Amino acid sequence: MSRRAATLLVAAAGVLIALAVAVVSPVPYVALEPGPTLNTLGTAGSKPLIQINGHPTYPTSGHLNMVTVSFTGGPGTSFNVFAALRAWLDPNDAVVPEQEIFTPGQTPQQIAKVDTEEMANSQQSAEAAALCQLNIPFKTVETIQATVKGMPAAGRLQARDVITAVDGRRLTCRADAGTLIKARRPGAPVELTILRHGRTQRVRLATVNAQGTPQIGVQLVESFVFPFSVSISIGSIGGPSAGLMFALGIIDKITPDNLTGGRFIAGTGEIEANGTVDPIGGIQQKMVGARQAGATIFLTPAANCPDTGGAVPAGLRLIKVSSLAGAITDLEALKAGRPVPSC
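Residues numbered from 1 in each chain as written. Predicted model: local features only at pLDDT ≥ 70, side-chain atom pairs only at ≥ 80, totals over all residues. Heavy atoms only, no water.

## Considerations on the overall build of the protein chain
Right, on to step 1. In terms of helices and strands, the protein chain carries seven helices and 20 strands.
Right, on to step 2. Overall, the protein chain is about 95 × 55 × 40 Å in size when its C-alpha atoms are taken along their principal axes.
Right, on to step 3. Counting across all 343 residues of the protein chain, residues that qualify as buried make up 41%.
Right, on to step 4. A sequence separation of at least 24 residues applies to 71% of the contacts in the protein chain between residues at least 6 apart.
Right, on to step 5. Accessible area for the protein chain stands at about 17,300 Å²; split by element, carbon and sulfur atoms hold 54% of it. (Helix = DSSP H or I, 4+ residues; strand = E, 2+ residues; numbered from the N terminus. Buried < 20%, exposed > 50% of the residue type's maximum accessible area, 1.4 Å probe, protein only. Contact = heavy atoms within 4.5 Å. Areas by Shrake-Rupley, 256 points an atom, 1.4 Å probe, with all protein chains shown as cover.)

Structure follows, in C-alpha cells:
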C-alpha cells in the first residue's frame, strides 16, 4: 500500500470514528417543537376535559384551547448533534441549552415529578382564580412548610402551622399571606394569627429588609377548600402554563355567558389565585401549534410579547393579557367588535 493510500485510509477511519462518536454522544441541548393542543371546553376521551360537580353548568361553543410544547433531549436521553441540527433547520423548532429547561443534576424521574406537581398546582390555582373572579367564596389555606434559619420566624413559627390572618385580616384569594406581609415598610412588625395543633395563636414578629421587601423567613404551601368539585383530565401533560385557559374554561362552563362567541381561541399563561397571568416558555412553538390546530386568536401573557416578534403565524391574531379579568374583558370586546390590546 502506498503512503498516500495509507494516509487516506487513516483519514477515512478518523472520520468514521468521529461520526460514530457524534452519533452516540449526547449534547447538552434540547429541541422544542409544537406539542398537542386541547380544547378545555371539549372532551378528553369519553368525558369532558373539565368536569364540574356540585354547581350548575351551561352549554358552551367554540374553543378555548390550551397549548403545549414537546421536547427532545434532556437528562437520560441520547440527543446527539445530528438531532440538534435537524431541529435547528426546522423553522418551527428551537434548540436551547439544556440548563434553560432543566435544573442541573435532575433525573428523568425528578423532572416528571416536578411537571406533574406543577400541573396539579396549576389546576388548583385556575379553579381559585375562576371562583375569585366570579366572587364565589372559598377558603385559602397557607401552611408553613419550613422556616429560614436566622430569620424572624425561626423558633417562633413551626412547620404545619397554618396562617389564618395577617394583622387581623383574613386571607383571601386577593390577599394572601405574602401580599399582606409585604404591605408595610421593611422592618415594621407584623402580627400573624396561626392555627397550631387545632388551637389559634397570635404571633408578633419583626420583619427584615430583603432587598427592599419586608420578609419574616417562611416557606409557604398554598391550598384551597372549594365549595364544589372541578376535575381536569389531560393525561400525562405536565407543567404550569395552561392555568389561564383552565380558568377561562371553568368560567365559561359555570356561567351563562359564552366567552368565545363561537371562535377558535387558544392561549397560554401561568395563573395565580388572584388572577395574575405570568409568562411561560416556548411561546413561539405554542403559537405554531395553536395555528396548526385552527386557532385564529391567541391569548398571550404580556411579558411574553417581546418573544413573539417576527414569529406570529399567518392568520393568528395575538391578544395581550396580564390578568384573568383582563382576558375576559378582551374576549367580550372581541365579540362586540371593539379594539383589544395586541403584542
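## Some points on the side chain of T140
Right, on to step 1. For T140, the position within the fold is in strand β7 (residues 139–147).
Right, on to step 2. Other than its neighbours up to four places away in sequence, T140 contacts T172, C173, E222, S223 and F224.

## Concerning the packing of helix α5 (residues 243–254) against helix α7 (residues 324–336)
Geometry of a packed helix pair, given as the angle between the helix axes and the separation of the axes.
Right, on to step 1. Remark: α5 packs on α7, axes separated minimally by 11 Å, with the N-to-C direction vectors making an angle of 60°. By the angle class used here, α5 and α7 are oblique. Judged by the sense of rotation from one axis to the other, the crossing of α5 with α7 is right-handed. Together, L244, A247, L248 and I251 of α5 and L324, A327, I328 and L331 of α7 make up the contact between the two elements.
Right, on to step 2. Split by residue class, the contact of α5 with α7 holds eight nonpolar, no polar and no charged. (Axes fitted to C-alpha atoms, helices over the stretch in contact; angles between N-to-C directions. Parallel < 35°, antiparallel > 145°, perpendicular 65-115°, else oblique. Left-handed = near helix turned anticlockwise from the far one by under 90°. Nonpolar A, V, L, I, M, F, W, Y, C, P; charged D, E, K, R; others polar.)

## Some remarks on the pairing of strand β16 (residues 264–267)
Right, on to step 1. Of the two faces of β16, both are covered, the one formed by F264 and A266 as well as the one formed by I265 and G267.
Right, on to step 2. For strand β5 (residues 63–73) and β16, the ladder comprises four bridges, and the chain directions are parallel. Paired with M66 across the two strands is G267, which belongs to β16.
Right, on to step 3. In the sheet, β16 pairs with strand β19 (residues 297–301) via three bridges, with the strands oriented parallel. Counterpart to A266 in the pairing with β19 is F298. (Pairing = 2+ DSSP bridges.)

## Structural notes on the pairing of strand β4 (residues 50–53)
Consecutive side chains of a regular strand alternate in pointing toward one face of the sheet and then the other.
Right, on to step 1. Side-chain alternation along β4 places I50 and I52 on a buried face and Q51 and N53 on a face that remains uncovered.
Right, on to step 2. Here β4 pairs with strand β15 (residues 229–232) via four bridges, running antiparallel. Each residue of the ladder has a partner; that of I50, found in β15, is I232.

## Digging into the state of the cysteines
Right, on to step 1. Inspection of the entire model under this criterion finds two disulfides.
Right, on to step 2. With its sulfur 1.9 Å from that of its partner, C305 forms a disulfide with C343. On the sign convention where negative means left-handed, the S-S torsion of about -55° between C305 and C343 marks this disulfide as left-handed. With C305 in the loop between β19 and β20 (317–321) and C343 in the segment after α7, the pair connects residues that are 38 residues apart, well separated along the chain.
Right, on to step 3. If you count the bonded cysteines of the protein chain from the N-terminus, they pair up as 1-2, 3-4. (Disulfide = S-S within 2.5 Å.)

## Some points on the environment of T255
Right, on to step 1. Note that T255 resides in the loop between α5 and β16.
Right, on to step 2. A relative accessible area of 15% means that T255 is categorised as buried.
Right, on to step 3. With 210 residues separating them in the primary sequence, T255 and G45 have C-alpha atoms 24 Å apart.
Right, on to step 4. If sequence neighbours within four positions are ignored, T255 has contacts with Y58 and L134.
Right, on to step 5. Within the structure, T255 has its side chain in polar contact with the backbone oxygen of I251 (distance 2.5 Å). (Polar contact = N/O pair within 3.5 Å; in protein donor to acceptor, adjacent residues only side chain to side chain.)

## Side note on the packing of aromatic side chains
Right, on to step 1. Scanning the model with the defined rule gives three aromatic pairs in all.
Right, on to step 2. Between F138 and F226, the aromatic rings sit 5.3 Å apart at their centres with planes inclined by 45°, giving tilted as the arrangement. Of this pair, F138 sits in the loop between α3 (108–133) and β7 while F226 sits in the loop between β14 (218–225) and β15, and the two are 88 residues apart along the sequence.
Right, on to step 3. With a centroid separation of 5.7 Å and an interplanar angle of 25°, the aromatic rings of F224 and F226 are classed as stacked.
Right, on to step 4. An aromatic cluster of three or more residues is present, and its members are F138, F224 and F226. (Phe/Tyr/Trp six-rings, centres within 6.5 Å; stacked < 30°, edge-to-face > 60°.)

Distances and angles like these do not, on their own, reveal function.
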